[in-house]
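Geometric and topological summary
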Amino acid sequence: MSVARERIERLFELADEVHDENPERAKRYIERAREIATSNRIRLPAHLKRRFCDSCGAYLVPGKNARVRLRSEDGHVVVRCEECGATERYGYGDR
Ligand SMILES: [Zn+2]
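The structure contained in this document is the topic of the report that follows. (Residues numbered from 1 in each chain as written. Predicted model: local features only at pLDDT ≥ 70, side-chain atom pairs only at ≥ 80, totals over all residues. Heavy atoms only, no water.)

Topic: the coordination of the zinc ion
Every protein donor of the zinc ion is accounted for by Cys53 (SG), Cys56 (SG), Cys81 (SG) and Cys84 (SG), and the metal-donor separations fall at 2.3 to 2.4 Å. Classification of the site at the zinc ion rests on its 4 donor atoms, whose angles at the metal span 106 to 114°, yielding the label tetrahedral. If you list the donors of the zinc ion from N- to C-terminus, the spacing comes out as C-x2-C-x24-C-x2-C. Classification of cysteine 53 as buried rests on a relative accessible area of 1%. Judged by relative accessible area, cysteine 56 falls into the partly exposed class, the value being 23%. (Donors = N, O, S within 2.8 Å, 3.2 Å for Na, K, Ca; no water. Tetrahedral: all angles 85-135°; square planar, octahedral: opposite > 155°, others 65-115°. Buried < 20%, exposed > 50% of the residue type's maximum accessible area, 1.4 Å probe, protein only.)

Quick notes on the sheet that holds strand β1 (residues 66–71)
Across the sheet, which stays open at both edges, the 3 strands sit in the order β1-β2-β3 with antiparallel pairing between neighbours. In this open sheet, the two edge strands, each paired with only one partner strand, are β1 and β3 (87–91). This sheet shows a mean twist of 20° between the axes of neighbouring strands, independent of strand direction. Relative to β3, strand β2 (residues 76–81) is paired through 5 bridges, and the arrangement is antiparallel. Note on β3: the bridge partner recorded for valine 79 is glutamate 88. (Pairing = 2+ DSSP bridges. Helix = DSSP H or I, 4+ residues; strand = E, 2+ residues; numbered from the N terminus. Axes fitted to C-alpha atoms, helices over the stretch in contact; angles between N-to-C directions.)

So, in structure tokens, the structure goes:
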């Protein structure tokens, strides 16, 4: 794994550690991780992409600030961000 990828993974770990007490700080970790991805021209892995809201950048925690619904009829997962109301769809296969 590249250094950039490692830093991104680490930033998501940090976001996970602090989001409960400090959601704004978690958001900044996510922003930083996205900047690193952009400047290194790497795509965020799908398992990380679905952990934050594309619209407002919030770190998403199902049951806390995100609602996750499975739509078995079309094979998608729908994640709704309770912070800004945006919804995103993911295929089951994205991991
Ligand atoms: Zn949002």
